[in-house]
Amino acid sequence: MERLQKAIADAGYTSRRKAEELIINGKVQVNGKIVTKLGTKVTTNDDIVVEGKLLKKASKVHYLFYKPRGVISSTSDDKGRKTIIDYFDTNKRLYPVGRLDYDASGIIMVTNDGEFANYIMHPSNNITKTYIVKLNGIINGEAINKLKMGIILDNSKSIALRVKLKQKNQQKNTSLVEIVIQEGKNHQIKRMFEAVGYSVIKLKREKIAFLDLKGLRSGQYREITKKELKQLYKKD
Ligand code: URA
């Protein structure tokens, strides 16, 4: 979402100040309706007509990015930390789809397509996310069962579709666990493990639905192919 006057200016039609004048003077339509309120929010999916001319929409792009640890999942940061968008050399208005914590690494989608982002994030679309987690302690069967039964977070149940102990280190008292979930609540994985008595030392997201990090190194990205997009929209 961005302000209408900025969208008009970014499309190269005129300056932001002139765009504001055009809006106030009733020369701008959004989805067929005249809008005179400055600051009206629009998305890349809205039809914007200025003085009778339809603004060209930025072509939609969809990427998979391998986020390194120590990078923030937003478009800007008031503390000056590196953001995911800093890795992309483009004047398109990109943003990440959902979040990965600053100290987490792994796969995250980046796009300028609001409809796509909403689709991926909406819980009813059952998009799975697979994480590999290093835990303080060696996870036991009881904790695994509790995670599978569901943990109440933010007044609703968070269920692990799959939990698998991959490796354990008795000396260091740590374990590596694979966990698959569908929602994307804030710090969900860390909070789920905390609820069953384990703290997360390291967190990596390995997959979103069937998409993984194959061929990517930390800090690199690639386009999601048309075929992959189609498959993401397919319901089982
Ligand atoms: N769960 C977390 O705790 N952190 C993330 O970044 C993603 C899922």
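Note that the coordinates shown come from a computational prediction; the quantities given were computed from them, not determined experimentally.

Looking at helix α3 (residues 114-121)
Here comes step 1: When α3 is considered as a whole, its buried residues turn out to be Gly114, Phe116, Ala117, Tyr119 and Ile120.
Here comes step 2: Summarising the contacts, the buried residues of α3 are in contact with β7 (62-67), β8 (95-96), β9 (105-111) and α6 (226-233).

Notes on the packing of α3 against α6
Here comes step 1: It is the contact of α3 with α6, at a shortest axis distance of 11 Å, that shows an interaxial angle of 50°. Relative to α6, the element α3 lies oblique. Relative to α6, α3 is oriented so that their crossing is left-handed. Facing Glu115, Phe116, Tyr119 and Ile120 of α3, the residues of α6 in contact are Leu229, Leu232 and Tyr233.
Here comes step 2: Grouping the amino acids of the contact of α3 with α6 by side-chain chemistry returns six nonpolar, no polar and one charged.

What to know about the sheet that holds strand β3 (residues 33-34)
Here comes step 1: Reading across from one edge, β3-β2-β5-β6 is the order of the four strands in this open sheet, with antiparallel pairing throughout. The sheet is open, and its two borders are formed by β3 and β6 (53-54), each paired with just one other strand.
Here comes step 2: Bridging between strand β5 (residues 48-50) and β6 involves two bridges; their strand directions are antiparallel. Considered in β6, the bridge of valine 50 is made with lysine 53.

Considerations on the domain arrangement of the protein chain
Here comes step 1: Here the protein chain is partitioned into domain 1 (2-54), domain 2 (62-123 + 212-234) and domain 3 (128-208).
Here comes step 2: Carbon and sulfur atoms make up 33% of the area that domain 1 and domain 2 hide from each other, which totals about 400 Å².
Here comes step 3: Three residues stand out in domain 1 for area buried against domain 2, namely Glu2, Thr44 and Asn45, and they jointly supply 86% of the buried area on that side.
Here comes step 4: At the junction of domain 1 with domain 2, the criterion picks out two salt bridges.
Here comes step 5: Arginine 93 is paired through a salt bridge with glutamate 2; the nearest N and O atoms lie 2.8 Å apart.
Here comes step 6: Taken together, domain 1 and domain 2 are joined by two residue pairs in polar contact (both at pLDDT 80 or more).
Here comes step 7: Residue composition of the side of domain 1 that touches domain 2, by class: no nonpolar, two polar and three charged.

Quick notes on the packing of aromatic side chains
Here comes step 1: Taken as a whole and judged by the stated rule, the model has seven aromatic pairs.
Here comes step 2: Ring geometry for phenylalanine 116 against tyrosine 233: centres 6.4 Å apart, planes inclined by 65°, an arrangement best described as edge-to-face. One end of the pair, phenylalanine 116, is in helix α3; the other, tyrosine 233, is in helix α6, with 117 residues separating them in the sequence.
Here comes step 3: When its relative accessible area of 0% is taken as the criterion, phenylalanine 116 is described as buried.

What about the site of the ligand?
Here comes step 1: As a matter of local geometry, the ligand sits amid Leu100, Asp101, Ala104, Tyr131, His187, Gln188, Ile189, Lys190 and Leu203.
Here comes step 2: Within the backbone of aspartate 101, a nitrogen or oxygen atom sits 2.6 Å from an oxygen atom of the ligand.
Here comes step 3: Contact between the ligand and lysine 190: an oxygen atom at 3.0 Å from a main-chain N or O atom of the residue.
Here comes step 4: The leading source of residues in the shell around the ligand is helix α5 (residues 188-195), at three residues.
Here comes step 5: Its residues assigned to classes, the shell around the ligand comprises five nonpolar, two polar and two charged.
Here comes step 6: Two domains each provide a minimum of three residues to the shell around the ligand, namely domain 2 (62-123 + 212-234) and domain 3 (128-208).

Cut-offs used in this document
Residues numbered from 1 in each chain as written. Predicted model: local features only at pLDDT ≥ 70, side-chain atom pairs only at ≥ 80, totals over all residues. Heavy atoms only, no water. Buried < 20%, exposed > 50% of the residue type's maximum accessible area, 1.4 Å probe, protein only. Helix = DSSP H or I, 4+ residues; strand = E, 2+ residues; numbered from the N terminus. Contact = heavy atoms within 4.5 Å. Axes fitted to C-alpha atoms, helices over the stretch in contact; angles between N-to-C directions. Parallel < 35°, antiparallel > 145°, perpendicular 65-115°, else oblique. Left-handed = near helix turned anticlockwise from the far one by under 90°. Nonpolar A, V, L, I, M, F, W, Y, C, P; charged D, E, K, R; others polar. Pairing = 2+ DSSP bridges. Domains from an automatic or database assignment. Buried area = accessible area lost by both parts, 1.4 Å probe. Salt bridge = Lys/Arg side-chain N within 4 Å of Asp/Glu carboxyl O. Polar contact = N/O pair within 3.5 Å; in protein donor to acceptor, adjacent residues only side chain to side chain. Phe/Tyr/Trp six-rings, centres within 6.5 Å; stacked < 30°, edge-to-face > 60°. Near = heavy atom within 4 Å.

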